[in-house]
Amino acid sequence: MTLDHERILELLAGYAVRSLSGEDAAEADRLLSEHVPSCASCRESLADFQALSGELALAPPSRMPPDLLLPRLHRELEQRVVARRPRLFLVAAAAGVVAVLGMGALSVGLGIRASNGQAKTALFADALRTANRSDATKVPLISSTGSRGMTEVSAPGLEHVYLVGEAVPPPAPGMVYRVWFHSTEGWKWAGDFLPDPGITVLELAIPTRVDEIRITEEPEGARGNGPADTERWSATFLAA
Amino acid sequence: MRDEERLDLELHRRLQEGDREAFDELYRRYSGAAFGLAYRITKQEALAQEVVHDAFLAAWRAPEAFDPARGTFRTFFLSLVHHRAVDTVRREERLRKRTERVANLEPERGEDVAEDVVESTYLVQRRKEVREALETLPPEQRKVLEMAYFGGYTQTRIAEELGIPVGTVKTRTLAAMRKLRRALSREDEAG
Ligand SMILES: [Zn+2]
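Residues numbered from 1 in each chain as written. Chains lettered and ligands numbered in written order. Predicted model: local features only at pLDDT ≥ 70, side-chain atom pairs only at ≥ 80, totals over all residues. Heavy atoms only, no water.

A.B. asks: When you look at unusual backbone geometry in this model, what are you seeing that I'm missing?
C.D. replies: Trans is the common state for peptide bonds, and a negative phi is the common state for residues other than glycine. Phi at Arg18 of chain A takes a positive value of approximately 60 degrees, unusual for a residue other than glycine. Its place among the elements puts Arg18 of chain A in the loop between helix H1 (5-16) and helix H2 (22-34). Of note, the phi angle at Lys43 of chain B is positive, near 65 degrees, even though the residue is not glycine. Tracing the backbone shows Lys43 of chain B in the loop between helix H2 (20-42) and helix H3 (45-61). (Helix = DSSP H or I, 4+ residues; strand = E, 2+ residues; numbered from the N terminus.)

Here it is, written out as structure tokens:
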């Protein structure tokens, strides 16, 4: 055992309270995928720290949320009945794309077609056509800011999904929206985009078995191996 | 296993089947704690509401994210709320370049009288234990932990704010977590 466990535990403790950034966050990610799964002592410490992080949540006094929150949630729960099926489909479609495109196509940056320039009209027409199909499914992405405006549109037989947004607020100056896919292989970058003033349409090829699409707001150019903790929208997909 | 945890497991199982009554019951059980936490971190009703909204919706849409083998539903769910609240406050901070939040860490006046939510006896008891455990921490450890957990600060930022090396922030965080772990597991056995 040549690893410095005290240092590892420091990282795991910082990770559990979500206070790591930069190199430390990257190192914690590496530990979590490489060392921790095979080290019983680290696994136990991590589980303890995470449980503790959940317990600390009780320190502030409890507080009644606004009365309107539960009815609002109820309205959105309706959508899962619809949403469950497309997620299953999405996973199935993903397997199809892998077969068609082959492993070479699994590299990052695969297939994001944004609605800039001339292609916009055609792309929007494609998305609209898909959305209007009777077997189409539309899943609103959950916004971490409360702003609505990104919906995932998919339909059986398509090798891609559309993300359609209306009046998507622009990112801060120097920043872009960055699209990430998560699968059992970890995070993969799909591409960057800047929203259009009116309707924004993105076409995404699903590279592999995807369980989450996440859109972050990150500095243009500088890109890590996974999404920064500046999530703006996300959709989690149920495993088949 | 406690009755509380057994009930949560049952509610979680029903959630996976799309049972809306189970959702309502979990909301009744944990929305007060979730909103209290989100409000402490974001300091804004509107932001706190979005955090709690997103957390409950995430639990509904992807209940399998909780693995019963890895802990209780309550700590899983409240961690989810915590993460989202921290991410929200960091984003807000970046957008507004907010400063001088350190002085703001203390509970706001009146916050403690807002404890108007009916909670289970166990939750009330656990809340008391957690607060008491925090009280036992040496002030410098507690400060670092609270800046991270309730302030949403990164360790780098805490080091800057307090004028101490990042290494010190790390060792204090770990020391605090160890001490809390000991204090709370002892309480748990006693309870
Ligand atoms: Zn280890």
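A.B. asks: Would you take a moment to explain the coordination of the zinc ion for this structure?
C.D. replies: When four donors bind a metal tetrahedrally, each ideal donor-metal-donor angle is 109.5 degrees, and when six bind octahedrally, the ideal angles are 90 or 180 degrees. All names here are of chain A. Taken together, His5 (NE2), His35 (NE2), Cys39 (SG) and Cys42 (SG) make up the protein donors of the zinc ion, found 2.0 to 2.3 Å from the metal. Here the zinc ion is ringed by four donor atoms whose angles at the metal span 101 to 115 degrees, and the overall shape comes out tetrahedral. Mapped onto the polypeptide sequence, the residues donating to the zinc ion form the spacing pattern H-x29-H-x3-C-x2-C. Of the two residues, His5 is situated in helix H1 and Cys42 in helix H3 (residues 40-56); the sequence distance between them amounts to 37 residues. (Donors = N, O, S within 2.8 Å, 3.2 Å for Na, K, Ca; no water. Tetrahedral: all angles 85-135°; square planar, octahedral: opposite > 155°, others 65-115°.)

A.B. asks: Please clarify how the interface of chain B and chain A should be interpreted in this entry.
C.D. replies: As a measure of interface size, the accessible area lost when the parts come together is often cited. Taken together, the contact between chain B and chain A spans 74 residues of the former and 65 residues of the latter. Contact between chain B and chain A buries roughly 6600 Å² in total, counting both sides, with carbon and sulfur atoms accounting for 57%. The three residues of chain B that bury the most area against chain A are Arg61, Arg91 and Met177 of chain B, which together make up 12% of that side's buried surface. Counting every contact that joins chain B to chain A gives eight salt bridges. (Contact = heavy atoms within 4.5 Å. Buried area = accessible area lost by both parts, 1.4 Å probe. Salt bridge = Lys/Arg side-chain N within 4 Å of Asp/Glu carboxyl O.)

A.B. asks: Looking at this structure, how should I read the environment of Ile142 of chain A?
C.D. replies: Mapped onto the elements, Ile142 of chain A comes out in strand E3 (residues 142-143). Taking the C-alpha atoms as reference points, Ile142 of chain A and Arg214 of chain A, 72 residues apart in sequence, are found 9.4 Å from one another. Excluding residues that lie within four positions of it along the chain, Ile142 of chain A makes contacts with Arg232, Trp233 and Ser234 of chain A together with Asp54, Leu57, Ala58 and Arg61 of chain B.

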